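Structure at a glance
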Amino acid sequence: MLKDFESCFNCQRIFRMVLDSMSRPGKINNINDFSGIKDGYQYDSMLKILITLLDNEVTFSMSAQMGEQFKKDVAEFTGSIISEIQSADFYIARGNELNHEILRLKKGTLQFPDDSCTVIMAVDSIIRAVAEHSLSASRLRLQGPGIKDYSFAAVEGLNLQNIDLIKQRNAEYPLGIDVILIDDYGNVLCLPRTVKIEVEVD
Amino acid sequence: MGYVAVKGGLEAIENSEKLLDFFRLKGGSSPVQVRQIQEQFRLAVDKVVGEGSLYAPYHAALALKQSEGDTIEASFILRAFSSTISRTHYSLPVKTTQMRIIRRISAAFKDIPGGQYLGPSRDYTQRLLNFELDSENKSHIKRFLHESELEYKKLSNEDIGMFPKVVDLLRKEGLVIDSKKQEFEEPFDITREAVAYPLARSGRLQAMARGETGGMLMIAYTSMRGYGDIHPTLGELRVGYVPVYINKNGEEIYAGEVLVTEAEVIARFISKDKTDKPRFTIGYGFCFGHNELKAISMAILDRTMQAEKPKVPAEDQEFVLSHIDGIESSGFCAHWKLPHYITFQSDLDRIRATRKKRGGDE
Amino acid sequence: MNDMNDVLKRKNRKYNFGFIDENSKREIRRKILKAVAIPGYQVPFGSRELPIARGWGTGGLQITLSLIGPDDILKVIDQGCDFSVNAVNLKRFIQKTTGVEITEDTLKATIIQTRHRIPEEKMGENQILVFQVPYPEVLRTVEPSEAVTREMHAEMNYSKLWVYLYEEIVKWGEITIGARYPVKVNGRYIMDPSPIPRWDVPKLHMAETLYLFGAGREKRIYAIPPYTRVEPLEFDDFKFNVESFDGKACSLCGSTDTFLDEIFNSETGQKTYICSDTSYCSKVSARKKVSHE
């Protein structure tokens, strides 16, 4: 089923891009260069990230909106185990649906804040934005470790209330969840728990 | 300049490797065959398969040859080798009641069902240097094997058979703590999960099964000698071959057998409260190969680490488990040979500054 | 004998790119992401067995091997030097299992693995610096138990460490910590920056480069993302200060703004100084030579 997705080297390069985006919130990397997994597959970019990060040692949970078939595919391609939402290491969802489940995701303990969920969220598009630009999309103004002063990103297909839920879940640092956004064009944007997010709507 | 920094680099490393071979071979004796090590340095090989945490006697023997007999170095080589092999299956729990025994003793009871088998043991040999071994040759070996063949033939047969476990006799009477509950939990895997304390018993046992014999003996001895005696009695010590099965699509498949040593110590009894009837506690030891000191030390440490409030080093999980791994401790001990110019330069800066403060000259 | 055939068959085996298997890399990668998301917090990981001894850089090595790809350019230093035996040995191993390009030029490398130094030349955004860490737990000096130090970090209870620093001043009139000077990261976690000299500590603050720390024997990974606040612990009346090389210069390149190694000349018995960062030292020397000609 897997096309010629060469796991060793592609995963390495995709990981470096995710790492770069996680280290520099607001920095967008594109993973579209790498061979696809299945021709015309709806969640091609998403699946590439999942194959890079998931395996049989971790668990995942998925919002129903993603479809039963995709859930099966992820389990098959990564070997990862489907689990209850409260204990999932990874949570997969679409950004446009209002998702109260975010408040149930594992946020770690004070002793082990790393034992927390990583959210991988599909959105329509992620565009680099600058402060002055006025765009139709909602603009995220980001601040925190990894960012010199401020950074900006415009995201379409992301329900803004989800941002509020993420902020709620991350209110008690170092507890929290870390979010990787991926759009249909293979653009990756990360929102680690340390990032302060302000939504600017024109 | 007159000064060359200590940086021989590549050339020095390569020459050093060559010198190792030179020192190994310069005496000019005939080469030691790996098979000889595997068969005649049996206990060294067993130590290495245990501490290297890979049941591969041939590879262990090869590693012993490569390391000129240094068991820690050989275990290290074996462990690194195991990193390159992917873990394709997990075995099903091994049942030591199915052990094909070569040795089995109990210090708790004179008569045990199935009887005691001294087996191959050095316990009652007189430690007199045997000069006859110096002139041992092939015809001696041939004659010896011929004479003893009939007598020892049953070792490879099923004549000795399988035995119930001594501790199970006490368990039936309700005299020992029941630890059945733990047996059905998925075991902790210290090679995959990061260790945090308190560590599950399965993780503690795994750490000890991979532990370095000398290190474990030393800590167990502190308990035996006086720092928190658990009052152990060796319920049973058995050495033999156990069958290993793997699960493939719901089917049990026989994968082979491994030589192991198992020790169970019966230790000081406890009760939950004043009305509860007291029960003995059990310490369990199990390791690859024939290595009795390690299995007994492990059983004692398993029991000492069950202490609710550790009072002595052997009862402190973190103290015991963070210091018994031979690969870790030897690696770190050896690392002091690496240059520490920077940290030392920094220390020099501090001592000079402090001396200056005290009015001394620099 | 089956054993033997097996061995012969495997004799010409090819190791996986970067030695460790893909699933192990995946685990290390997941832990690196968490480390970046919680700056200064030590993420436990299932450290793998490598053919390099524990305590000789296996933590840094596992990070490097999980990061590295065919396009990377690697530099490895020990005590600031590209050619010391340990640096050479690690490079030899990484190159054998990846075939990547090796460089001595700090600015050309995409990944630098280091023991005890941060290069003198300022590293940029497209580079990653990987530190080898012997003692990841900054509180170990004041508390031997892992279970207790974990609790102290959880509660941000760092009073024991502050008391330790205070007592140092009372006893010696100075904080006597040479290398491994404790720092506070992003205002939350106190962290061991690995045995770098105090000289290098200011380079951790608001840097352009991602810093990753790996402790193989102690099985911990931690990180300082770029542009993150990193403050050495200090008192208002006892400020942190770096090693002093006042009035001293490198006897090879003449630099007066680098961390210097103190050398005893065996012939004259005199003390001289040379740069600990050898690659930078030869760059400066070459530049001077050109300008002389």
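Residues numbered from 1 in each chain as written. Chains lettered and ligands numbered in written order. Predicted model: local features only at pLDDT ≥ 70, side-chain atom pairs only at ≥ 80, totals over all residues. Heavy atoms only, no water.

Notes on the overall build of chain A
Filter applied, for reference: By the criteria applied, helices consist of DSSP H or I runs no shorter than four residues and strands consist of E runs no shorter than two, each listed in order from the N terminus. Any residue under 20% of the maximum accessible area for its type is buried, any over 50% is exposed, and the rest in between are partly exposed; the area is computed with a 1.4 Å probe on protein chains only. All accessibility values rest on the Shrake-Rupley procedure with a 1.4 Å probe; residue burial counts only the protein chains present in the view.
Helix and strand counts for chain A stand at four helices and eleven strands. In chain A, buried positions account for 62% of the 202 residues. Carbon together with sulfur atoms contributes 48% to the accessible area of chain A, which is approximately 8000 Å² in total.

Looking at the interface of chain B and chain C
Cut-off, in case you're wondering: Whether two residues touch is decided by their heavy atoms; if any such pair falls within 4.5 Å, the residues are in contact. When two components associate, each loses some accessible surface as probed by a 1.4 Å sphere; the sum of these losses over both components is called the buried area. By convention in these notes, a salt bridge is any Lys or Arg side-chain nitrogen within 4 Å of a carboxyl oxygen on Asp or Glu. Two N or O atoms form a polar contact when they lie within 3.5 Å of each other; inside protein one atom must be a possible hydrogen donor and the other a possible acceptor, and for residues adjacent in sequence the pair counts only when both atoms belong to side chains.
Taken together, the contact between chain B and chain C spans 50 residues of the former and 72 residues of the latter. Summed over both sides, the interface of chain B with chain C buries roughly 5200 Å², with 58% coming from carbon and sulfur. Across the chain B-chain C interface, the total number found is nine salt bridges. Salt-bridge contacts for Glu262(C) lead to Arg352(B); the nearest nitrogen and oxygen are separated by 2.8 Å. For the pair chain B and chain C, the interface holds 30 residue pairs in polar contact (both at pLDDT 80 or more). Looking at the side of chain B that touches chain C, the elements that each hand over two or more residues are α1 (9-25), α4 (57-66), α5 (71-83), α13 (326-334) and α14 (341-357) of chain B. At 13 residues, α14(B) tops the list of elements feeding residues into the side of chain B that touches chain C.

With respect to the sheet that holds strand β4 (residues 279-288) of chain B
Residues and elements named next belong to chain B. Cut-off, in case you're wondering: Strands are labelled as partners when DSSP assigns at least two bridges between them. Axes here mean lines fitted to C-alpha atoms, for a helix over just the part in contact, with angles spanning 0 to 180 degrees between N-to-C directions.
A sheet is described by the order of its strands in space; here four strands give the open sequence β1-β2-β3-β4, paired in antiparallel fashion. The outermost strands of the open sheet, each flanked by one partner alone, are β1 (100-105) and β4. Across this sheet, the average inter-strand angle for adjacent strands is 30°, counted without regard to direction. Sheet analysis places β1 next to strand β2 (residues 233-248), joined by five bridges and oriented antiparallel. By the bridge assignment for β2, Ile-101 is matched with Gly-240.

Some remarks on helix α4 (residues 160-169) of chain A
Residues and elements named next belong to chain A. This is how it is decided: Arc, as used here, means the arc of the directions from the helix axis to the C-beta atoms.
Among the residues making up α4, those that are buried are Asn-162, Ile-163, Leu-165, Ile-166 and Arg-169. The buried residues of α4 occupy one face: seen down the axis, they fall within an arc of 160°. Its buried side turned inward, α4 meets β4 (90-94), β5 (118-123), β7 (138-143), β9 (178-183), β10 (187-191) and β11 (196-200). The opening residue of α4 is Asn-159, an N-cap whose side-chain oxygen sits 2.9 Å from the backbone nitrogen of Gln-161.

With respect to the domain arrangement of chain B
Residues and elements named next belong to chain B. Our working definition: In this entry, domain limits derive from an automatic or database-based domain assignment.
If you check the domain split of chain B, you get domain 1 (10-82) and domain 2 (96-121 + 162-327). Here the C-alpha centroids of domain 1 and domain 2 sit 29 Å apart. Surface buried jointly by domain 1 and domain 2 totals about 1300 Å² across both partners, of which 57% is contributed by carbon and sulfur atoms. By the criterion of area lost to domain 2, the three top residues of domain 1 are Glu-51, Tyr-55 and Arg-79, representing 44% of everything that side buries. The interface formed by domain 1 and domain 2 contains one salt bridge. Between Asp-325 and Arg-79 there is a salt bridge, and its shortest N-O distance comes to 2.9 Å. Here domain 1 is connected to domain 2 by seven residue pairs in polar contact (both at pLDDT 80 or more). Put simply, the parts of the chain that give the side of domain 1 that touches domain 2 at least two residues each are α3 (42-51) and α5. Of all the elements, α3 adds the most residues to the side of domain 1 that touches domain 2, at seven residues.

Looking at helix α11 (residues 292-304) of chain B
Residue and element names in this part refer to chain B. Quick reminder of the rule: Each helix should span, by expectation, one fewer than its residue count multiplied by 1.5 Å.
Here α11 contains 13 residues, and its C-alpha end-to-end distance of 18 Å stays within 8% of the 18 Å for a straight helix at 1.5 Å per residue. Of all 13 residues that make up α11, eleven are buried, and the element is covered over most of its length. Restricting attention to buried positions, one finds in α11 the residues Glu-292, Lys-294, Ala-295, Ser-297, Met-298, Ala-299, Ile-300, Leu-301, Asp-302, Arg-303 and Thr-304. Where α11 begins, the side chain of Asn-291 points an oxygen toward the backbone nitrogen of Lys-294, at a separation of 3.3 Å.

What about unusual backbone geometry?
For the peptide bond that leads from Tyr173(A) to Pro174(A), omega is 10°, which places it in the cis range. Going from Tyr197(B) to Pro198(B), the amide bond is cis rather than trans, its omega being 0°. Of note, Pro198(B) is situated in the loop between α8 (180-183) and α9 (201-209). In this structure, Lys219(C) takes a positive phi of about 60° despite not being glycine. Residue Lys219(C) is classed as buried on the basis of its relative accessible area, which comes to 13%. Not every positive phi belongs to a glycine, and Tyr227(C) is a case in point at roughly 45°. Looking at the secondary structure, you find Tyr227(C) in the loop between β9 (220-224) and β10 (230-232).

Points about the environment of Ile169(C)
All names here are of chain C. Following the sequence through the fold, Ile-169 ends up in helix α6 (residues 159-172). Its relative accessible area of 13% is what places Ile-169 among the buried residues. Residues Ile-169 and Ala-179, ten residues apart in the sequence, show an inter-C-alpha distance of 17 Å. Other than its neighbours up to four places away in sequence, Ile-169 contacts Glu-174, Ile-175, Phe-235 and Phe-238.

Here we look at the nonpolar core
We apply this condition: In these notes, a set of buried Ala, Val, Leu, Ile, Met, Phe, Trp, Tyr and Cys residues joined through side-chain atoms within 4.5 Å is what counts as a nonpolar core.
By size, the foremost hydrophobic cluster in this structure holds 108 residues, and its most contacted members are Met46(A), Phe70(A), Ile32(C) and Leu67(C). Residue contributions to this core peak at seven residues, all from helix α1 (residues 7-23) of chain A. Setting aside residues no more than four positions away along its own chain, Leu67(C) makes contact with Gln12(A), Phe15(A), Arg16(A), Leu19(A), Ile32(C), Asp72(C), Ile111(C), Ile128(C), Val130(C) and Leu212(C).

With respect to the environment of Trp172(C)
Mapped onto the elements of the fold, Trp172(C) is located in helix α6. Not counting the four nearest positions on each side in its chain, Trp172(C) is found in contact with Thr354(B) and Arg358(B).

Looking at the confidence of the model for chain B
All names here are of chain B. What counts is decided by this rule: Confidence of the predictor at the level of single residues is captured by pLDDT, which takes values from 0 to 100.
The pLDDT averaged across chain B works out to 88; a share of 92% of its residues lies at or above 70. α8 is the least confidently modelled element of chain B, averaging 57 in pLDDT, while α3 averages 98, the highest of any element. Scored below 50 in pLDDT, residues 1-6 makes seven contacts in the model with residues more than four places away or belonging to other chains. Both scores are given for the predicted complex: the pTM is 0.86, the ipTM 0.95.

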